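Chain and residue survey
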Amino acid sequence: MFKIGLTGGIASGKSTVLTYFKDKGIPYIDADIVAREVVEPGTKGLEAIVAAFGTDVLHDDRTLNREALGAIIFHNEKKRQQLNGCLKEHIQNRIMELTAHYEALHTPVLLYDIPLLIEGEWYTMMDEVWLVYVNESTQIERLMNRNGFTKEDALARIKSQMRLDDKRPYADVIIDNNGTPLDLKEQLDTIWNERIESVL
C-alpha cells in the first residue's frame, strides 16, 4: 500500500487538494475526524481531557465544549501541548487501526491528512510526503478574506503552527498553491498522471 502524507498549514488549500483526490476515489484518513472520534462521550480521550482541564470543558450533556477548551489552549502553548499529550496515544491507535483496515482490503493508495504530520513524526511511516505550500503573505490575505480576521489575528494563527518553509525539507512533492485554482488543478492533474495512476 502506497502511503501518502498530506500536510500544509492554515489557509494553504490542503482541503482543496484532499477533495481533488477524494473525488477520484482515493481513500483517506483524516486526523481531524479521528480527533473528534476519540473525544466522544464515554471515550478514554474525553476522560483524559476532563482529568487535565476539569468539567468546565463539558456541555451539560457531557459532550466536549470545544469553544471552552479552545479558549483555554489558544493563547497558551503549555496548555495546548498538554491537550496534545492527552490525545496523542488515542489518535495514534485509531489511525493505526484504520491503516490496518485499509491494508486488509489491499488498498493500493491511502492518503493521510494529518495536521501534525511532521511534528508528530507521522512522516516516518509514509512512502511520500506532499506539502501544500503558500507563502506567508498569501496565507495572511486568505485568512483575512475567508475568516474576516485582522492581520494580527491571522498572524497569530499562522504562528501557532510549524512554518510551511520549515516543512519543505520533509516534502517529496511540493504543491505550490500561490496561484489560481486553475494553476492548482493543473498541478494536481500532473501529480495524478505521474504518481498515482501507475500504482492503481
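Residues numbered from 1 in each chain as written. Predicted model: local features only at pLDDT ≥ 70, side-chain atom pairs only at ≥ 80, totals over all residues. Heavy atoms only, no water.

Details of the packing of helix 6 (residues 136-147) against helix 7 (residues 151-159)
The description of two helices packed together rests on the angle between their axes and the distance between the axes. This is how it is decided: A fitted line through C-alpha atoms represents every axis, and for helices the fit uses only the stretch in contact; the resulting angles, taken between N-to-C directions, go from 0 to 180 degrees. Runs of E in the DSSP output that reach at least two residues are strands. Runs of H or I that reach at least four are helices, and both are numbered from the N terminus. What sets the label is the angle itself: under 35 degrees gives roughly parallel, over 145 gives roughly antiparallel, 65 to 115 gives roughly perpendicular, and the rest give oblique. The crossing is said to be left-handed when, going from far helix to near helix, the turn is anticlockwise and less than a right angle, and right-handed when the turn is clockwise. Here, residues are in contact when the closest pair of their heavy atoms is within 4.5 Å. The residue classification treats Ala, Val, Leu, Ile, Met, Phe, Trp, Tyr, Cys and Pro as nonpolar and Asp, Glu, Lys and Arg as charged. All others, Gly included, are polar.
Packing of helix 6 against helix 7 brings their axes to within 9 Å, and their N-to-C directions diverge by 125 degrees. As far as their axial angle goes, helix 7 and helix 6 are oblique. Here the hand of the crossing between helix 6 and helix 7 comes out right-handed. Mapping the contact onto sequence places E136, Q139, I140, L143 and M144 in helix 6 and K151, A154, L155, I158 and K159 in helix 7. Residues that form the contact of helix 6 with helix 7 fall into these classes: six nonpolar, one polar and three charged.

Focus on the environment of N76
Our working rule: Accessible area is worked out with a 1.4 Å probe on protein chains only. A residue is then buried under 20% of its type maximum, exposed over 50%, and partly exposed in between.
Relative to the assigned elements, N76 resides in the loop between helix 4 (66-73) and helix 5 (77-104). Here N76 falls in the partly exposed class, since its relative accessible area comes to 30%. Counting along the chain gives 34 residues from N76 to L110, while the straight-line C-alpha distance between them is 34 Å.

Thoughts on helix 9 (residues 181-196)
Operational definition: Here, expected helix span is obtained from the residue count minus one, scaled by 1.5 Å.
When the terminal C-alpha atoms of helix 9 are compared, their 21 Å separation across 16 residues agrees well with the 22 Å that a helix rising 1.5 Å per residue should span. Turning to helix 9, the residues buried within the fold contact strand 1 (2-7), helix 1 (14-23), strand 3 (109-113), strand 4 (128-133) and strand 5 (173-176).

With respect to the nonpolar core
Generally speaking, soluble globular proteins have nonpolar side chains that are buried together. Selection rule: Nine residue types can take part in a nonpolar core, namely buried Ala, Val, Leu, Ile, Met, Phe, Trp, Tyr and Cys, and a core is a set of them joined through side-chain atoms within 4.5 Å.
Membership of the largest hydrophobic core comes to 28 residues, with the highest contact counts inside it found for I29, I49, L69, I95 and I114. Counting residues per element, this core draws most heavily on helix 5, which supplies seven residues. Excluding residues within four positions of it along the chain, I49 makes contact with V39, G54, V57, L64, L69, L83, C86 and L87.

A few points about the UniProt feature "binding site: ATP" (unreviewed entry) in the protein chain
Rules: UniProt positions are given in the numbering used here, feature names are shortened, and annotations may be inferred rather than shown by experiment.
This chain's UniProt record puts "binding site: ATP" (unreviewed entry) on A11, S12, G13, K14, S15 and T16. Residue position: K14 is located in helix 1. Setting aside chain neighbours within four positions, we find K14 in contact with L6, T7, G8, D113 and V132. You can see T16 is positioned in helix 1. Using a relative accessible area of 48% as the deciding quantity, one classes T16 as partly exposed.

As for the sheet that holds strand 5
What counts here: DSSP calls a pair of strands paired once it identifies at least 2 bridges connecting them.
Taken in spatial order, the five strands of this open sheet run 2-3-1-4-5, and their pairing is parallel. Two strands in the sheet have a free side with no partner beyond their single neighbour: strand 2 (28-30) and strand 5. Strand-to-strand twist of the sheet, defined as the mean angle between neighbouring strand axes without regard to direction, takes the value 20 degrees. Here four bridges tie strand 4 to strand 5, and the two strands are oriented parallel to one another. Across the sheet, W130 pairs through a bridge with V173, a residue of strand 5. Across the sheet, helix 5 lies against strand 1, strand 2 and strand 3, angled at about 170 degrees from strand 2, the strand it touches most.

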